[in-house]
Amino acid sequence: MGMIGRALDLVFGSGAEGLRQTAEVFRENAENRAVRDQERMAQALAQYGAEFRATRGIFDQVMDGLNRLPRPMLAFGSIGLFCAAMVDPLWFAERMQGLALVPEPLWWLMGAVVSFYFGARHQLKGQEFQRDIARSLARVPVVIETTRALRDAEDARSDEDRTDQDRGAEIGGNAALEDWRASRGGNGGMRP
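What this report covers is the structure whose coordinates are included nearby.

**Description of the overall build of the protein chain**
- Assigned secondary structure in the protein chain consists of eight helices and zero strands.
- Starting at the N terminus and ending at the C terminus, the protein chain contains elements arranged as α-α-α-α-α-α-α-α.
- In the protein chain, buried positions account for 5% of the 192 residues.
- The long-range fraction of contacts in the protein chain, counting pairs at least 24 apart against all pairs at least 6 apart in sequence, stands at 55%.
- Roughly 16500 Å² of accessible area belongs to the protein chain as shown, and the carbon and sulfur atoms make up 63% of that amount.

Right under this line is the structure:
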């Protein structure tokens, strides 16, 4: 047995620590992986949060306002064309004949410009949404701690209320309340 024990000690090491180290050669330690994942997530959130400015300057606000104009202008412009066709059909027909003379490559170019504009706008809004998600995720630990503190305070208050009720029951109730009920005829002023 001594020889087998030495062979096992040589392969697995001595005790549970040696067995754990040998097992980690074949399978990753789940607890260590969770710690690494948590650290990586915290670093990613910190980096992601640093990429975006929390405050926006006047230029950014003006550009954002200008970026909001094309969609309403396209919608109201289309409605305006229908109204113009009904109000003055001859004027409308002349304008549409002018549009019919526009060459097809120019229509393709216009379609590409509009597509790129709305695609870039969609990407910008998607990035803003992701930034808001990252901010919310960064606040989760604070919210959890605040919620825990509020629940602890509520538990302490309910414990105090129970203690006060127990004390009141031991003393014989609330003397002022009993006097008031007696002055009202025993039922506290309630009608039978």
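After presenting the structure, the write-up continues.
**Concerning a nonpolar patch on the surface**
- The grouping of I58, F59, V62, M63, L66, L69 and M73 at the surface amounts to a nonpolar patch, some 730 Å² of accessible area in total.
- Structurally, I58 is set in helix 4 (residues 58-67).
- The exposed category is assigned to I58, whose relative accessible area is 67%.

**With respect to the packing of aromatic side chains**
- In the structure shown here, the tally under the stated rule is one aromatic pair.
- Ring centres of Y117 and F118 lie 5.0 Å apart, and the angle between their planes is 75°; this geometry places the pair in the edge-to-face category.

**Side note on the pattern of salt bridges**
- One pass over the full model with this rule turns up six salt bridges.
- A salt bridge links R95 to E94, with the shortest nitrogen-to-oxygen separation between them at 3.1 Å.
- With a relative accessible area of 39%, R95 lands in the partly exposed category.
- Overall, the relative accessible area of 45% leaves E94 in the partly exposed class.
- In this structure, E145 engages R148 in a salt bridge whose closest nitrogen and oxygen atoms are separated by 3.4 Å. With E145 and R148 both in helix 7 (residues 104-171) and three residues apart, this pair spans about one turn of that helix.
- Of the residues examined, E145 reaches a relative accessible area of 46% and is grouped as partly exposed.
- Assessed through its relative accessible area of 45%, R148 is described here as partly exposed.

**Some thoughts on the environment of A44**
- Take A44: it is sitting in helix 3 (residues 30-51).
- Judged by its relative accessible area of 38%, A44 is partly exposed.
- As for A44 and A134, which are separated by 90 residues in sequence, their C-alpha atoms are 9.7 Å apart.

**Considerations on the packing of helix 5 (residues 70-87) against helix 6 (residues 89-100)**
- Contact pair helix 5 / helix 6: the axes reach a minimum separation of 5 Å and the direction vectors enclose 125°. Considered as vectors, helix 5 and helix 6 are oriented oblique to each other. Across the interface between the two elements, L81, A84, A85, M86 and V87 from helix 5 touch P89, W91, F92 and M96 from helix 6.
- When the residues that make up the contact of helix 5 with helix 6 are grouped by side-chain class, the tally is nine nonpolar, no polar and no charged.

**Description of the environment of F92**
- Locating F92 in the fold gives a position in helix 6.
- Spatially, the C-alpha atoms of F92 and F82 are 9.0 Å apart, while their sequence positions differ by ten residues.
- Dropping the residues within four chain positions of it, F92 is found in contact with L81, A84 and A85.

What counts and what doesn't
Residues numbered from 1 in each chain as written. Predicted model: local features only at pLDDT ≥ 70, side-chain atom pairs only at ≥ 80, totals over all residues. Heavy atoms only, no water. Helix = DSSP H or I, 4+ residues; strand = E, 2+ residues; numbered from the N terminus. Buried < 20%, exposed > 50% of the residue type's maximum accessible area, 1.4 Å probe, protein only. Contact = heavy atoms within 4.5 Å. Areas by Shrake-Rupley, 256 points an atom, 1.4 Å probe, with all protein chains shown as cover. Patch = residues over 30% accessible without salt bridge, like charges linked within 9 Å, V, L, I, M, F, W, Y side chains within 5 Å. Salt bridge = Lys/Arg side-chain N within 4 Å of Asp/Glu carboxyl O. Phe/Tyr/Trp six-rings, centres within 6.5 Å; stacked < 30°, edge-to-face > 60°. Axes fitted to C-alpha atoms, helices over the stretch in contact; angles between N-to-C directions. Parallel < 35°, antiparallel > 145°, perpendicular 65-115°, else oblique. Nonpolar A, V, L, I, M, F, W, Y, C, P; charged D, E, K, R; others polar.

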